[in-house]
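Fold and geometry: a report
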Number of protein chains: 2
Amino acid sequence: MENLIEEFRIFIKKKGLKYTPEREEILREILEVEDHFDVESLYLRLKNKNSKISKASIYRTLPILIEAGFIQEVYKQGGHSFYEVTLNKAPHLHFICISCGRVDEVIDKELNFLIKKHEKDKKYKLLTYHLEIFGICPDCREVK
Amino acid sequence: MENLIEEFRIFIKKKGLKYTPEREEILREILEVEDHFDVESLYLRLKNKNSKISKASIYRTLPILIEAGFIQEVYKQGGHSFYEVTLNKAPHLHFICISCGRVDEVIDKELNFLIKKHEKDKKYKLLTYHLEIFGICPDCREVK
DNA sequence: CCTGTAATTGAAAATTAATTTCAAAATAAT
DNA sequence: ATTATTTTGAAATTAATTTTCAATTACAGG
């Protein structure tokens, strides 16, 4: 935990940015979230802890965290983005039910392998990726 | 071509919707686009042909075309969605350069195979999917 | 073919996620 | 400490998408 915070501090300094309490607080909160999160829910979590961090700061900090490799923007739903901590997590796909909105996460090592292969071929420097699969979940199929 | 139009007409009727000239016109235009497209570019293409179809109608028709399997929303960039015709196309991934915005399409049969496998496992009815990979392209890496 | 009803249209207004502006506050190098 | 530069919160702005609404159109049944 603390080593991750330190890693972030070093990243920030290396980029010539300033290490602020707000940035650290946002990272700490994100590391405590287990599931996917969006800006709104993160903002409310912080607010509940009497933090006075603004949404603007969250919006400004997330791209830094993505670039630093701490989180990924994993899918969009209902018109806004969802993120999750990617450190130490196996790569996975998201099945999104367009009927009820439920999101199923599937771990898949092949996917990561497949992407790494293309990254090499294309000579891209990979930052983040996401595989969203839209469909109807078993429950919603029954109802209909 | 005409058989696709007929297929769409049948889909529309089966859903209890009305088959309008606007909906047909939008589909015809989309089938002529080779590359990815967004709402704005589709609207301008139609406008150039003196069509008076509104953006609202385009926004309303795209979800129907997705559900019918004609197109997919393949990625988001610059805050808006891009689509492409998926009929007869091999599945593929999109490498998006976050620096210059360039999009590289990569065909990959394994990806489709991988997704079909999970679809079966999860008992989902698959509608559409997209794999976006964000990174820095070779050209932009050099500059830096 | 008319006729009635329910869906669809275009235009404009509304919504809303995300970005930008700006003055005040905070960081960090000297 | 001093100072230049960055970052902050709050509010304003932007821009994609959705919704509203009155007029129009599709099409089923007579």
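Shown above is the structure to which this text applies.
This text gives an overview of the structure that appears in the document. (Residues numbered from 1 in each chain as written. Chains lettered and ligands numbered in written order. Predicted model: local features only at pLDDT ≥ 70, side-chain atom pairs only at ≥ 80, totals over all residues.)

**Some thoughts on the overall build of chain A**
- Of the regular secondary structure elements, chain A holds 6 helices and 5 strands.
- Overall, chain A shows an N-to-C arrangement of helices and strands of α-α-α-α-β-β-β-β-α-β-α.
- For chain A, the residues scored as buried account for 26% of the 144 residues in total.
- Counting contacts in chain A only where the partners sit at least 6 residues apart, residues at least 24 apart contribute 50% of the total. (Helix = DSSP H or I, 4+ residues; strand = E, 2+ residues; numbered from the N terminus. Buried ≥ 20, exposed ≤ 12 C-beta atoms within 10 Å, placed from the backbone. Contact = placed C-beta atoms within 7 Å.)

**Structural notes on the protein's contact with DNA strand D**
- Neighbouring DNA strand D are 21 residues; Leu17, Glu22, Ser54 and Ser57 of chain A together with His80 of chain B lie closest to it.
- At the level of elements, α2 (21–32) and α4 (55–67) of chain A together with α4 (55–67) and β2 (80–85) of chain B are the ones that each hand at least two residues to the surface near DNA strand D.
- No other element matches α4 of chain A, which puts 3 residues into the surface near DNA strand D.
- Across the surface near DNA strand D, the residue classes tally to 8 nonpolar, 7 polar and 6 charged. (Near = placed C-beta within 6 Å. Nonpolar A, V, L, I, M, F, W, Y, C, P; charged D, E, K, R; others polar.)

**A look at the interface of chain A and chain B**
- Listed as interface residues are 30 residues of chain A and, on the opposing side, 30 residues of chain B.
- Counting residues per element, the side of chain A that touches chain B draws most heavily on strand β5 (residues 125–136) of chain A, which supplies 12 residues.
- Considered class by class, the residues forming the side of chain A that touches chain B number 17 nonpolar, 4 polar and 9 charged.
- Both β5 of chain A and strand β5 (residues 125–136) of chain B contribute to a ladder of 11 bridges, which runs antiparallel. Bridge pairing in β5 of chain B places histidine 130 of chain A opposite glutamate 132 of chain B. (Pairing = 2+ DSSP bridges.)

**What about the packing of helix α2 (residues 21–32) of chain B against α4 of chain B?**
Residues and elements named next belong to chain B.
- Where α2 meets α4, the closest approach of the two axes is 10 Å, and the angle between their N-to-C directions is 70 degrees. Taken as axis vectors, α2 and α4 run roughly perpendicular relative to one another. Residues Glu22, Arg23, Ile26, Leu27 and Ile30 of α2 lie in contact with α4, whose contacting residues are Ser57, Ile58, Thr61 and Leu65.
- Grouping the constituent residues of the contact of α2 with α4 by class yields 5 nonpolar, 2 polar and 2 charged. (Axes fitted to C-alpha atoms, helices over the stretch in contact; angles between N-to-C directions. Parallel < 35°, antiparallel > 145°, perpendicular 65-115°, else oblique.)

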